[in-house]
Amino acid sequence: MPRNLTPSPLCLAESGDFLALDLGGTNFRVLRVKVSDNGKQKVEIENRICAVPEDLMHGTGTQVGASLFARRLQKSVRRLVPWCDVRFLPSEDGSGKGAAMVTAVASRLAKQQELREATLRALTLDEKQLLQVKQRMRAEMERGLTKDGHATAPVKMLPTYVRSTPDGTEKGDFLALDLGGTNFRVLLVKLRSGKRRVAEMHNKIYAIPVDAMEGTGEELFDHIVHCISEFMEYMGIKQCVLPLGFTFSFPCEQRGLDQAILLKWTKGFKATGCEGEDVVDLLREAIKRREEFDLDVVAIVNDTVGTMMSCGYDDPFCEVGLIVGTGCNACYMEEMKNVETVEGDEGRMCINTEWGAFGDNGCLDDIRTEFDREVDRLSMNPGKQTTRSTAIRAASMEWAPLLSVMITIFHQFSVRFDGLPHQARFIKAYEVVKAVSETAARIGKDAVRFGPICGDTLIMSTLQNVMPTG
């Protein structure tokens, strides 16, 4: 019969169902102990007493006795907890064999831990390696600024023709476009100057279909213009001719504030007829084909320049832009005397480093790991944007593939995850990769929502003050 026991005040608040065996003589007991904790701890015990067969006690009929003992024990347990599926296994030389098994398991876990540490060790750069990477990057950046080395330099150090940061007097209404990943944004930005600077934004986000990403350039830019048309209709500004800034986050050779030649697609884009062409001309031609509205395309910038200009609106000392999102890149204000690719030594100019290609010439091969090589092999643009997946390892677009490759390699060496059974490993791995992808995508989309867009607007609004004509 159940008995209610009052626990000691020192008892901890354990709860749950437990089985217990008590063997100490000619009889043994099987007990079911139920501990509940509903404000006041309560313990209920049910037990059944069974006799130990004499032949088993005296060492005769071992196999028969053990089998009978197991059956009686299992029968008793099933009566106490009928929903519990319990099967008893007889142990032969339990203590000796058990000690060997403990040693075997410990050895297996030690080898797996050694494998994990050896594999992950390659992903950590020590101070000496970091200094080497810094020196190599500086050398590649300086090479990209020179007239002789620019053509073959992987770090292109592209001039943007942006020669000043905001001074706070910018004002007006502007349209802004943002194309830098699988989503495309159209914005109306209203700048108000005065004692309190105000940047009012209205925007809509549109998806870029895979067919447009991998189709023709005409199809891609027709889709962009369709999004612009829909947004202008939504905002009631279709009859207005507004200045437009275009944030275009791909490697371009900028030949003027409104002239940018696409060098190569990245981030999965493969639209034909675009590489080597002026992106602004492609946009203007698509607007003409639409025959619904007209826009004054004033500036084309990438997201790093837009971010720097946006932050410069709030802090005049901001002269570096950094993007860690779908890709990774940076820009900064450089002295014109160091920029050999543009004529003139006076003043400064913002340089778009395009450092995502750092290492494409093999200068980082000694620190690349098997994970980096596999991620690169499986990427849409193998051999390109090495730094994004090797030296930085912070871009959201690379986290999920990198994690997936690591899980696959660990699985090949039978490294388990959280003690999961074999069948559950890939389910767990999928859940982890999916969660990382969704989180990284959310962070990448939200973290710099303001920067790039308001930046190209500020560039347009400062044209008369800081940009030379021609």
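In case you missed it, the structure is sitting above this.
These notes cover the structure that comes with them. This is a predicted model, so every value here is computed, not measured.

### As for the overall build of the chain
Each helix and strand in the chain was counted, giving 14 helices and 15 strands. Residues classed as buried in the chain amount to 42% of the 470 residues present. Taking the intrachain contacts of the chain between residues at least 6 apart in sequence as the baseline, contacts between residues at least 24 apart amount to 62%. Approximately 25,800 Å² of the chain is accessible, and the part contributed by carbon and sulfur atoms is 53%.

### Describing the nonpolar core
Ranked by size, the top nonpolar core spans 41 residues in total, and within it Phe221, Phe246, Phe248 and Leu283 carry the most contacts. Elements that contribute at least two residues to this core include exactly strand E6 (172-179), strand E7 (183-192), helix H5 (210-214), helix H6 (217-235), strand E9 (243-248), strand E11 (259-262), helix H7 (279-290) and strand E12 (296-301). Considering every element that reaches this core, the biggest residue donor is H6, with 8 residues. In contact with Leu283, not counting residues within four places along its chain, are Leu177, Phe221, Ile224, Val225, Ile228, Leu244, Phe246 and Val297.

### Considerations on the sheet that holds strand E13 (residues 320-324)
Overall, antiparallel pairing links the 4 strands, which are arranged E5-E15-E14-E13 in an open sheet. Both outer strands of the open sheet, strand E5 (158-159) and E13, are each paired with one neighbouring strand and no more. Bridging between E13 and strand E14 (residues 328-335) involves 5 bridges; their strand directions are antiparallel. Its bridge partner being in E14, Leu322 is matched across the sheet by Ala330. Strands in contact with helix H8 (residues 303-314) are E13, E14 and strand E15 (348-352); relative to E13, the strand with the most contacts, it is inclined by about 125°.

### Things to note about unusual backbone geometry
Of note, Tyr161 is a non-glycine position whose phi angle comes to about 65°, a positive value. Relative to the helices and strands, Tyr161 is located in the loop between E5 and E6. One non-glycine residue, Glu354, lies in positive phi territory at about 55°. Here Glu354 lies in the loop between E15 and helix H9 (370-378). Judged by relative accessible area, which is 8%, Glu354 ranks as buried.

### So, the pairing of E14
Of all the 8 residues making up E14, 7 are buried; the element is thus mostly covered by neighbouring parts of the structure. As judged from the 5 bridges shared by E14 and E15, these two strands associate in the antiparallel manner. The residue bridging Tyr332 from the neighbouring strand is Ile351, located in E15.

The rules behind these values
Residues numbered from 1 in each chain as written. Predicted model: local features only at pLDDT ≥ 70, side-chain atom pairs only at ≥ 80, totals over all residues. Heavy atoms only, no water. Helix = DSSP H or I, 4+ residues; strand = E, 2+ residues; numbered from the N terminus. Buried < 20%, exposed > 50% of the residue type's maximum accessible area, 1.4 Å probe, protein only. Contact = heavy atoms within 4.5 Å. Areas by Shrake-Rupley, 256 points an atom, 1.4 Å probe, with all protein chains shown as cover. Core = buried A, V, L, I, M, F, W, Y, C linked by side-chain atoms within 4.5 Å. Pairing = 2+ DSSP bridges. Axes fitted to C-alpha atoms, helices over the stretch in contact; angles between N-to-C directions.

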